[in-house]
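# Structural features, examined
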Amino acid sequence: MPAHGPTETTYRAADDRYEKLEYRRTGSSGLDLPAFSFGLWQKFGTDYPYETQREIVLHAFDLGITHFDNANRYGPPHRAAEKFFGRVLSRDLAPHRDELILSTKAGNPIGPSPYLKGGSRKSLLTSLDHSLRDLGTDYVDIFYSHSPDPATPLEETVGALVSAVGSGKALYAGLSNYSPERAHEAAELLRAAGVPLLVHQPRYSIFDRRPETGGLLKLAAEDGFGLVVYSPLAQGLLTDKYLDGAIPQGARAHNSAFLSPDAIDDGYRERAKALNEIARGRGQSLAQLALQWVLRQPQVTSAIIGASSTWQLDHNVTALDFPPLTEEELALIDRYDGSGAGADA
Ligand SMILES: NC(=O)c1ccc[n+]([C@@H]2O[C@H](COP(=O)([O-])OP(=O)(O)OC[C@H]3O[C@@H](n4cnc5c(N)ncnc54)[C@H](OP(=O)(O)O)[C@@H]3O)[C@@H](O)[C@H]2O)c1
C-alpha cells in the first residue's frame, strides 16, 4: 500500500471538465494554464477536516482547474498541505497526473535550521526532494524560488532551479515575490542556462497594484514570462463577506494568522462598499469583479484563488462570464485602490 493511504476511490472526474474555463498561454512558453488556479496556502493543513478539503480539491479539478499551487510552508503545520495533496493524488487523482500542473516553492523559512530557509542550493534542492516525497510524485511541474534571498548569490539560487529542471524533478522554473529588477536578472541567467523563466508569482489585486506601478507587468511582456497572481481577492477582503462590519464565524479574518481582524476598519468598509456597488451595477458580485479585474491584463496567465467551500469555487470561476470592464469602470475602480483614495466617494 502506498505511503499516502488507500487507493480505493469513488471519484470519477467530470466528463465536461475542459468545457468550463479559459486556458491561457503562459508568457512565451508552450504551457497553457487555467485562468483560475487553486492554492493550498490556508485551510489545507491538519486544521480542517480531510474530507472537506478533498471535496474542494476534486471539485476544483471537475471545474477544469488543472493547476494546484503549493509550497513546503503551507499548512499549518509546515508541509501539511503537500502531505494532504499527496493523499488526494494517491487516492483520487493519480489516473489524472498527466493532466495536472503541480507547483511547489521553497526558500521561505520552515524551521530554525539554516538549511530550512533561504535561496541556497542546499535549501532549495533538499526541499524539492522533500516535497516530492510528501506529494508522492516523481516531479512537480513548476518549482519556485518562493522569495528573493539577498544573502545568497542570485547565481546560486538560479543554479538550483536549473538543476531542478535538469534532473527532471521539475518541468519549469518560477520566481515569486521578486522585484522587477531582480526578476529580470534571474530571467537572464535562466535564459542563458537554457531554462527560460516560465512564471513570476506576485501578489496582485485591486488593493495591491504593485505589479502595475512597479513595472512587473511590463517586464513580463518584455521578458516573455507569465504572471500567476496570488491573493486576487485580498484574502477575502474583496468579497461581500465583511461589508456589514461583522466578521463571520470561520472566515479568514476570524481564524488566520495572515489576516488581522484590524483590516476590517471603516476605511476598508467604505472602499469595499463602493466597489461592491460598481459590481452590482454590472450584475456581478465584488469577488467576480475583483477576479475579472486582475485577469483583464494579458500578462496575467492565471489568478490563484483560495476557497473554503465548493460554493466559493463555483461562484468565483464564473467571473469571466461578464462583459469586459469599460474604461469608465476601470477609472472608477481606481478610486478605491486600498491606498486610502476613494474617501471622497
Ligand atoms: N507566493 C506567495 O508568496 C504566496 C502568498 C500568498 C498566497 N499564495 C498563493 O495564492 C493562493 C491564493 O491566495 P489567497 O487564498 O490569499 O487568495 P484569495 O482568493 O485572495 O482569498 C481566498 C479566500 O477568500 C475567501 N473567499 C473566496 N471566495 C469567496 C467568496 N466568493 N465569498 C466570500 N469569501 C470568499 C475564502 O476565505 P474564507 O472563506 O476562509 O474567509 C478564501 O480562502 C494561496 O493558496 C497560495 O497558493 C502565494
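Now for a description of the structure that goes with this document. (Residues numbered from 1 in each chain as written. Predicted model: local features only at pLDDT ≥ 70, side-chain atom pairs only at ≥ 80, totals over all residues. Heavy atoms only, no water.)

Okay, the overall build of the protein chain next. A tally of helices and strands in the protein chain yields twelve helices and ten strands. With respect to the principal axes defined by its C-alpha atoms, the protein chain has extents near 55 × 45 × 40 Å. Buried residues in the protein chain amount to 56% of all 345 residues. If you sum the accessible surface of the protein chain, you get close to 14600 Å²; carbon and sulfur atoms cover 53% of it. Placing the 34 positive and 44 negative side-chain charges of the protein chain at their respective mean positions leaves the two points 5 Å apart. (Helix = DSSP H or I, 4+ residues; strand = E, 2+ residues; numbered from the N terminus. Buried < 20%, exposed > 50% of the residue type's maximum accessible area, 1.4 Å probe, protein only. Areas by Shrake-Rupley, 256 points an atom, 1.4 Å probe, with all protein chains shown as cover. Lys, Arg positive; Asp, Glu negative; His and termini not counted. Charge placed at Lys NZ, Arg CZ, Asp CG, Glu CD.)

Any pair of aromatic rings gets described here by the distance separating the centres and the angle formed by the planes. Applying the stated criterion to the full structure yields nine aromatic pairs. Where W41 meets F258, the ring centres are 4.9 Å apart and the plane angle is 50°; that geometry is what we call tilted. Placement of W41 in the loop between β3 (36-39) and α1 (50-62) and of F258 in the loop between α8 (252-255) and α9 (266-281) is noted, with a sequence separation of 217 residues between them. Taken together, a centroid distance of 5.2 Å and an interplanar angle of 45° make the contact between F68 and F85 tilted. Here the residue F68 occupies a position in strand β4 (residues 67-69), and F85 occupies one in helix α2 (residues 80-93), the gap between them amounting to 17 residues. When its relative accessible area of 2% is taken as the criterion, F68 is described as buried. Among the aromatic residues, those joined into a cluster by ring pairs are F38, F44, Y50, F68, F84 and F85. Taking NZ or CZ as reference, K105 lies 5.8 Å from the ring centre of Y144, over its face. (Phe/Tyr/Trp six-rings, centres within 6.5 Å; stacked < 30°, edge-to-face > 60°. Lys NZ or Arg CZ within 6 Å of the ring centre and 35° of its normal.)

Now for the side chain of S37. You can see S37 is positioned in strand β3. Within the structure, the side chain of S37 is placed 2.5 Å from the side chain of S302, a separation counted as a polar contact. Ignoring anything within four residues of it in the chain, the contact list for S37 reads I65, H67, S302, A303, I304 and I305. (Polar contact = N/O pair within 3.5 Å; in protein donor to acceptor, adjacent residues only side chain to side chain. Contact = heavy atoms within 4.5 Å.)

Glancing now at α9. In this model, α9 (16 residues) spans 23 Å end to end at C-alpha, consistent with the 22 Å of a helix rising 1.5 Å per residue. Of all the positions in α9, only Y268, R269, R271, A272, A274, L275, N276, I278 and A279 are classed as buried. Buried residues along α9 sit against α10 (286-295) and α12 (327-334). For α9, the capping residue at the N-terminal end is D265, with a side-chain oxygen 3.3 Å from the backbone nitrogen of G267. (Expected span 1.5 Å × (residues − 1).)

With that out of the way, let us pick up the environment of T10. Within the secondary structure, T10 sits in the segment before β1 (23-25). For T10, a relative accessible area of 73% translates into the label exposed. Once the C-alpha coordinates of T10 and R91 are considered, the two residues, 81 residues apart in sequence, prove to be 9.3 Å apart.

Looking now at the pairing of strand β10 (residues 300-305). Of all six residues that make up β10, six are buried, and the element is covered over most of its length. For β3 and β10, the ladder comprises three bridges, and the chain directions are parallel. Of the residues in β10, the one forming a bridge with S37 is I304. Where strand β9 (residues 226-230) meets β10, four bridges bridge the pair, whose relative direction is parallel. Looking at β10, one finds that V228 is bridged to S302. (Pairing = 2+ DSSP bridges.)

With 95 residues, the main nonpolar core has F36, F38, V57, F68, F85 and L93 as its most contacted residues. Broken down by element, this core gets its largest block of residues, eight residues, from α10. Setting aside its immediate chain neighbours within four residues, F68 contacts F38, L40, V57, A60, F61, F85, L100, I101, L102 and S103. (Core = buried A, V, L, I, M, F, W, Y, C linked by side-chain atoms within 4.5 Å.)

Another point: the pattern of salt bridges. Overall, the coordinates contain 20 salt bridges when judged by the stated rule. With a closest N to O distance of 2.6 Å, D69 and K105 form a salt bridge. Of the two residues, D69 is situated in strand β4 and K105 in strand β5 (residues 101-106); the sequence distance between them amounts to 36 residues. Each member of the pair, D69 together with K105, is buried. A salt bridge links D208 to R203; the shortest N-O distance between them is 2.8 Å. Here the residues in one salt-bridge network are E51, R54, R91 and D92, joined through shared partners. (Salt bridge = Lys/Arg side-chain N within 4 Å of Asp/Glu carboxyl O.)

Let's shift gears to helix α4 (residues 154-166). The end-to-end C-alpha distance of α4 is 18 Å, a good match for the 18 Å that 13 residues give at a rise of 1.5 Å each. Packed against the buried residues of α4 are α3 (121-135), β6 (140-145), β7 (170-176) and α5 (180-192).

Residue P76 follows G75 across a cis peptide bond; omega there is 5°. With respect to the helices, strands and loops of the structure, P76 is situated in the loop between β4 and α2. A cis amide bond links P76 to the next residue, P77, at an omega of -5°. Mapped onto the fold, P77 is located in the loop between β4 and α2. For S231, which is not glycine, the phi torsion reads 50° and is therefore positive. Relative to the assigned elements, S231 resides in the loop between β9 and α8. Residue A234 is not a glycine yet carries a positive backbone phi of 50°. Following the sequence through the fold, A234 ends up in the loop between β9 and α8.

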